[in-house]
Amino acid sequence: MNPQLNPDSHDPAPLAPSSLNPDEARTRLPGLTVIDVRTPGEYAAGHLPEALNIPLDQLDRALPALRRLSGELLVVCASGARSENACRVLAGHGIRAMTLTGGTQGWAGLGHELHRPASGTRAAWAMERQVRFTAGTIVLAGLALGLLHPAWQLLSAGVAGGLVFSALTNTCGMAALLSKLPHNRPRPADLEVTLAALAERGRPAVT
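Residues numbered from 1 in each chain as written. Predicted model: local features only at pLDDT ≥ 70, side-chain atom pairs only at ≥ 80, totals over all residues. Heavy atoms only, no water.

Observations regarding the packing of helix α6 (residues 127–146) against helix α7 (residues 153–169)
Interaxial distance between α6 and α7 falls to 6 Å at its minimum, and their mutual angle equals 155°. The orientation of α6 with respect to α7, classified from their angle, is roughly antiparallel. As α6 packs across α7, the resulting crossing turns out to be left-handed. Across the interface between the two elements, Ala 135, Ile 138, Val 139, Gly 142, Leu 143 and Gly 146 from α6 touch Gln 153, Leu 155, Ser 156 and Val 159 from α7. Split into classes, the residues belonging to the contact of α6 with α7 amount to six nonpolar, four polar and no charged. (Axes fitted to C-alpha atoms, helices over the stretch in contact; angles between N-to-C directions. Helix = DSSP H or I, 4+ residues; strand = E, 2+ residues; numbered from the N terminus. Parallel < 35°, antiparallel > 145°, perpendicular 65-115°, else oblique. Left-handed = near helix turned anticlockwise from the far one by under 90°. Contact = heavy atoms within 4.5 Å. Nonpolar A, V, L, I, M, F, W, Y, C, P; charged D, E, K, R; others polar.)

See the structure below:
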């Protein structure tokens, strides 16, 4: 997919972000390539039909295949935040993509079908749930240890400050760290199969 060019410049013009709500996405699903940028465990817990799993931190590996796609590209995550970030990354490489408003949570909330692998990757908590659990555990630990020495309360304060920063910037450093844990990482073989399937979709049809 070629980037649009500004007629007054040789540099690519920024690609305008776009989105589909779950009902629109369901209607157009047969003509879309859907990329799920959640962790493999989240993907295994339920994903859009025909969605391919490429975790957000592995997106760079899929850029060559994504550039060769001729159809429309829809990026999804749990709630829409990670897919918006992914769309910005893709736009920076001249690849136009849409994000699913409300993510898979919004999709399932409207009663649309989610697919689950018959076997293989074990389902894991959604990243938002992992973040809430980890942040809450650290805060409680800081408060408990603060009974021994007040300095430990800085641990709880640091988590609180991080959550405020996360909300203001729509980013989450804790989620980025948690995504590095083994249960959130794709197996190399699984990722290669996904990239091969994506490359196959980019090949011209033989008549």
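Let's pick the thread back up.
Details of the layout of surface pockets
Within this model, the largest pocket holds a volume of roughly 520 Å³. Lining of the largest pocket is provided by 23 residues; of these, Arg 82, Met 127, Cys 172, Ala 175 and Ala 176 occupy positions nearest its centre. Where the lining of the largest pocket is concerned, the elements lending two or more residues are α4 (81–92), α6 and α8 (173–178). (1 Å grid on protein atoms, 1.4 Å probe; cavity = no way out; pocket = protein on both sides within 12 Å on 5 of 7 lines; lining within 4 Å. Points joined across faces, edges and corners; volume = space filled by probe spheres on them.)

Details of the UniProt feature "transmembrane region" (unreviewed entry) in the protein chain
According to UniProt, the "transmembrane region" (unreviewed entry) feature falls on residues 131–148 and 154–178. The straight-line gap between the two end C-alpha atoms of residues 131–148 is 26 Å; of that span, 89% is helix and 0% is strand. (UniProt positions renumbered as here; feature names shortened; annotations may be inferred.)

With respect to the pattern of salt bridges
Enumeration according to the criterion identifies four salt bridges in this entry. As a salt-bridge pair, Glu 72 and Arg 28 come within 2.6 Å of each other at their nearest N and O atoms. Here the residue Glu 72 occupies a position in strand β4 (residues 72–76), and Arg 28 occupies one in helix α1 (residues 22–28), the gap between them amounting to 44 residues. Of the residues examined, Glu 72 reaches a relative accessible area of 37% and is grouped as partly exposed. Note that Arg 38 and Asp 36 form a salt bridge whose closest N and O atoms lie 2.8 Å from each other. (Salt bridge = Lys/Arg side-chain N within 4 Å of Asp/Glu carboxyl O. Buried < 20%, exposed > 50% of the residue type's maximum accessible area, 1.4 Å probe, protein only.)

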